[in-house]
Amino acid sequence: MIDLSSDTSTRPSQAMREFMAAAPVGDEQLREDPTVNELQDYTAELTGKEAGLFVPSGTMCNAIAYAVHARPGEAVILDRTAHPNIAEGGGPAVLAGLLLRTVDGTRGVYDRDQAARVVHAGNTHASRTALISVENTANMGGGMIWPLETLAGLRDLANEHGMKMHMDGARLMNAVVGSGNSAATFGSYVDTVWIDLSKGLGAPVGAVLTGSREFIEAGRLWKHRLGGAMRQAGIIAAAGLYAFRNNVDRLAEDHANARLIADRVVQTPGLELIRSPVETNIVIFSVAGTGLTAREYADRLLKEHDVRISPYYDVSVVRAVTHLDASRGDCETAAEAIAAVAENALNAA
Ligand SMILES: Cc1ncc(COP(=O)(O)O)c(C=O)c1O
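Residues numbered from 1 in each chain as written. Predicted model: local features only at pLDDT ≥ 70, side-chain atom pairs only at ≥ 80, totals over all residues. Heavy atoms only, no water.

## Examining the sheet that holds strand β9 (residues 272-273)
How we decide: Pairing between strands is defined by DSSP: at least two bridges between the two strands are required. Helix and strand labels come from DSSP, where a helix needs a run of H or I of at least four residues and a strand needs a run of E of at least two; each type is numbered from the N terminus. Should any heavy atoms of two residues lie within 4.5 Å, those residues are considered in contact. Angles shown run from 0 to 180 degrees and are taken between the N-to-C directions of axes, each axis being a line fitted to C-alpha atoms and, for helices, limited to the stretch in contact.
In space, the four strands of this open sheet follow the order β9-β10-β13-β12, with antiparallel pairing throughout. The open sheet has two edge strands with one neighbour each: β9 and β12 (310-311). Sheet analysis places β9 next to strand β10 (residues 282-286), joined by two bridges and oriented antiparallel. Directly across from leucine 273, in β10, lies its bridge partner phenylalanine 285. Relative to β10, helix α12 (residues 251-267) is tilted by about 15°, and along the sheet it contacts β9 and β10.

Here you go:
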């Protein structure tokens, strides 16, 4: 099967597994795991921050950051389609007692003026807005990269109102490779930023949250509280180190493969690329013109061509994500299959 349902479907390569097996380990909870410590330091340096914290998932990074940056009853500004609003089990409300003040950005990206409208200083009636949260790349925006000037505008707003700023970097390295801006450049606009190891970077598990030393100390308490403190975790942290050394530059191939699929979508009657242009590794398109629902279309693609993509947030929208386990040839095959399902559906109509 060619699995383009998500870049989380990547599996650790043999070389990554060997590197993991050889990693020196210690008790991570006691800060004695040398591989975890190296990964944390590496990621902190990469993002231009003082310190890093290795945790099991990106969701936990967002949970920790929100809990440290804001007090119960306070509010967070984020795009309506951002992961904490749609896919974290209500974590911001349940774990940190926060309100989400969502804004409707363009492809997951919103600007200073939009955010300014929902900032409250806080009084007996309105809750204080404590945090601005951005997602780079914006997943549901079709892998959109945040422009630096937009981040700068939000940073100014945050400074004017004493708010913190957080970046969900589930796919930060895609943004880096796609834009040519360094992780530290993106990181310079925000107080905290994290990178997922288990998506396009190809590691099986983990994410690293970075920020000031003081923030990371507070975050460590939350990590423990949430049950995220581990023991000989170097064995999985090693996969992250391997990924940073070997799997970053090649993300450009994933981006080229995503554009190849998008080009085929654009040429195919019945299909419509609804997040355009494709900037990184995510292709989101509508199948409404084929007369099929997203689920029917994805099922046919899988059954007839052994290509998996995901029905997405709407009855007629699907998402294909390229990654290191899908070669150029796989993506060419998938692109033809994507077109064939649409053409057959139209011919049968
Ligand atoms: C933008 C974004 N943020 C956060 C997450 C959560 O990451 P994890 O699956 O590592 O918890 C995801 C996962 O799909 C994501 O796409």
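## Re the site of the ligand
Basically, it comes down to this: Any residue with a heavy atom positioned within 4 Å of a molecule or strand is treated as near that molecule or strand. For the purposes of these results, a polar contact is taken to be a pair of N or O atoms within 3.5 Å, where, inside protein, one atom must be able to donate a hydrogen and its partner to accept one; residues adjacent in sequence count only when each atom of the pair is a side-chain atom. Residue burial considers only the protein chains on display, and all accessible areas are found by Shrake-Rupley using a 1.4 Å probe. In this classification, the charged set is Asp, Glu, Lys and Arg, the nonpolar set is Ala, Val, Leu, Ile, Met, Phe, Trp, Tyr, Cys and Pro, and all remaining amino acids, among them Gly, are polar.
Lining the immediate environment of the ligand, one finds Ser57, Gly58, Thr59, His83, Glu135, Asn139, Asp168, Ala170, Arg171, Trp194, Asp196 and Lys199. The side chain of threonine 59 places a nitrogen or oxygen atom 2.7 Å from an oxygen atom of the ligand. Within the complex, the protein chains bury 84% of what would otherwise be the 390 Å² of accessible surface of the ligand. Secondary-structure elements contributing two or more residues to the shell around the ligand are α3 (58-69) and β7 (192-196). Grouping the amino acids of the shell around the ligand by side-chain chemistry returns two nonpolar, five polar and five charged.

## What to know about the packing of aromatic side chains
Applied cut-off: When two rings of Phe, Tyr or Trp (its six-membered ring) have centres within 6.5 Å they constitute a pair, described as stacked for plane angles under 30 degrees, edge-to-face for angles over 60, and tilted for the intermediate range. The buried label goes to any residue with under 20% of its type's maximum accessible area, the exposed label to any with over 50%, and the partly exposed label to all in between, with areas taken from a 1.4 Å probe on protein chains only.
Scanning the model with the defined rule gives four aromatic pairs in all. Plain terms: the ring middles of tyrosine 110 and tryptophan 146 are 5.4 Å apart, the flat faces sit at 85° to each other, and that makes the pair edge-to-face. Of the two residues, tyrosine 110 is situated in the loop between β4 (99-103) and α6 (112-116) and tryptophan 146 in the loop between β5 (129-135) and α7 (148-160); the sequence distance between them amounts to 36 residues. An identical accessibility class is assigned to tyrosine 110 and tryptophan 146; each is buried. Ring centres of phenylalanine 285 and tyrosine 297 lie 6.2 Å apart, and the angle between their planes is 90°; on these two criteria the pair is classed as edge-to-face. Of the two residues, phenylalanine 285 is situated in strand β10 and tyrosine 297 in helix α13 (residues 294-305); the sequence distance between them amounts to 12 residues.

## With respect to the domain arrangement of the protein
How we decide: Throughout the structure description, domain borders are defined by an automatic or database domain assignment. Each of two parts loses accessible area, computed with a 1.4 Å probe, when they are put together; buried area is these two losses added.
Domain parsing of the protein yields domain 1 (11-246) and domain 2 (250-348). Here domain 1 and domain 2 have C-alpha centroids that lie 29 Å from each other. Counting residues at the interface gives 20 residues for domain 1, matched by 17 residues for domain 2. Together, the buried faces of domain 1 and domain 2 total about 1,500 Å²; carbon and sulfur atoms form 53% of this surface.

## A short note on the side chain of threonine 210
Relative to the assigned elements, threonine 210 resides in strand β8 (residues 207-211). We classify threonine 210 as buried; its relative accessible area is 0%. Within the local environment of threonine 210, its side chain forms a polar contact with the side chain of threonine 47, the two groups lying 2.9 Å apart. Those residues in contact with threonine 210 that sit more than four places away from it in its chain are Thr43, Ala44, Thr47, Lys49, Ala51, Gly52, Asp191, Thr192, Val193 and Ile216.

## Section: the nonpolar core
Rules: Put simply, a nonpolar core is a bunch of buried Ala, Val, Leu, Ile, Met, Phe, Trp, Tyr and Cys residues held in one set by side-chain atoms that sit within 4.5 Å of each other.
Grouped together as the largest cluster of nonpolar side chains are 50 residues, with contacts concentrated most on Phe54, Tyr110, Ile132, Val134, Met173 and Leu201. Sorting elements by how many residues they give to this core places helix α11 (residues 234-246) first, with seven residues. Excluding residues within four positions of it along the chain, valine 134 makes contact with Tyr110, Trp146, Leu151, Leu154, Met165, His166, Met167 and Asp168. Counting 31 residues, the second-largest nonpolar core is a separate cluster that includes Leu260, Leu271, Phe285 and Ala320.

## A look at α11
For the record, the criterion: One fewer than the residue count of a helix, multiplied by 1.5 Å, yields its expected span.
With 13 residues, α11 should cover 18 Å at 1.5 Å per step; its first-to-last C-alpha distance of 18 Å lies within 8% of that length. Taken together, the buried residues of α11 touch α1 (14-21), α2 (34-47), β2 (51-55), α8 (172-179) and β7.

## Observations regarding the environment of alanine 158
Positionally, alanine 158 belongs in helix α7. Judged by its relative accessible area of 0%, alanine 158 falls in the buried class. Once you skip the residues sitting within four places of it in the chain, alanine 158 turns out to touch Ile132 and Met163.

## A look at the pairing of β5
The side chains of a regular strand alternate between both faces of the sheet. To keep things clear, this is the line we draw: When the strands point away from the viewer, a crossover counts as right-handed if the route from the first strand across the helix to the second turns clockwise.
For β5, the buried fraction is high: seven of the seven residues fall into the buried class. Bridging between strand β3 (residues 75-79) and β5 involves three bridges; their strand directions are parallel. Counted as the bridge partner of alanine 75 is threonine 129 from β5. Pairing of β5 with strand β6 (residues 164-168) involves five bridges; the strand directions are parallel. Looking across to β6, one finds that isoleucine 132 is bridged to methionine 165. The handedness of the β5 to β6 crossover, carried by α7, is right-handed.

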